[in-house]
Amino acid sequence: MKKQVELYTDGACSGNPGPGGWGVLMRFGRQQRELSGGERQTTNNRMEMMAAIAGLQALKEPCRVDLYTDSKYLLQGVTEWLAGWKARGWRTAANKPVKNTDLWQQLDALLDTSQHEIHWHWVRGHSGHPENEHADQLARAAIPH
């Protein structure tokens, strides 16, 4: 039986584009782990994606994952758009290049090879959800100054 893990992810940017950070709060039972990182020149969407990628990469064995994000871009990208983008050679329905293709391909490879059972959840950002607020604090603290 796979371990049940919760990942709460968030990204933040000071200016968009501008310096940005990402944060992940991981939970397995009573254990918690925090991850964060940042880049000097990035976008909010890239930081949202980096949080999800880093959280999934940190798992050392196949798990049942509940991944929480306040990013509709990330959620819809994974659950609605990704298959079409791949089928069209990483082009949108309007035949334009997909933005952040490098990260979408990295995330897609993780989804294909990880053997995780991932359930994606959207939470409203900045609405008092304690774990999302914690991930946001991690992301903001990781923004390079």
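For the structure itself, consult the block above.
Asker: I'd love a proper account of the layout of surface pockets, names of residues and values included.
Answerer: Considered as a void within the structure, the largest pocket measures approximately 250 Å³ in volume. Lining of the largest pocket is provided by 13 residues; of these, V5, M26, F28, Q31 and L59 occupy positions nearest its centre. Classifying every residue of the lining of the largest pocket by side-chain character gives six nonpolar, two polar and five charged.

Asker: Explain the nonpolar core to me, and be specific about the residues and the numbers.
Answerer: By size, the foremost hydrophobic cluster in this structure holds 33 residues, and its most contacted members are L56 and W104. Among the elements that make up this core, the one with the highest residue count is helix α1 (residues 44-57) (eight residues). Not counting the four nearest positions on each side in its chain, L56 is found in contact with L7, V65, L67, L107, L110, L111, H116 and I118. Within the second largest apolar cluster, five residues are counted, among which are Y8, L25, V123 and A135.

Conventions we followed
- Residues numbered from 1 in each chain as written.
- Predicted model: local features only at pLDDT ≥ 70, side-chain atom pairs only at ≥ 80, totals over all residues.
- Heavy atoms only, no water.
- 1 Å grid on protein atoms, 1.4 Å probe; cavity = no way out; pocket = protein on both sides within 12 Å on 5 of 7 lines; lining within 4 Å.
- Points joined across faces, edges and corners; volume = space filled by probe spheres on them.
- Nonpolar A, V, L, I, M, F, W, Y, C, P; charged D, E, K, R; others polar.
- Core = buried A, V, L, I, M, F, W, Y, C linked by side-chain atoms within 4.5 Å.
- Buried < 20%, exposed > 50% of the residue type's maximum accessible area, 1.4 Å probe, protein only.
- Helix = DSSP H or I, 4+ residues; strand = E, 2+ residues; numbered from the N terminus.
- Contact = heavy atoms within 4.5 Å.

Taken by themselves, the reported measurements are silent on function.
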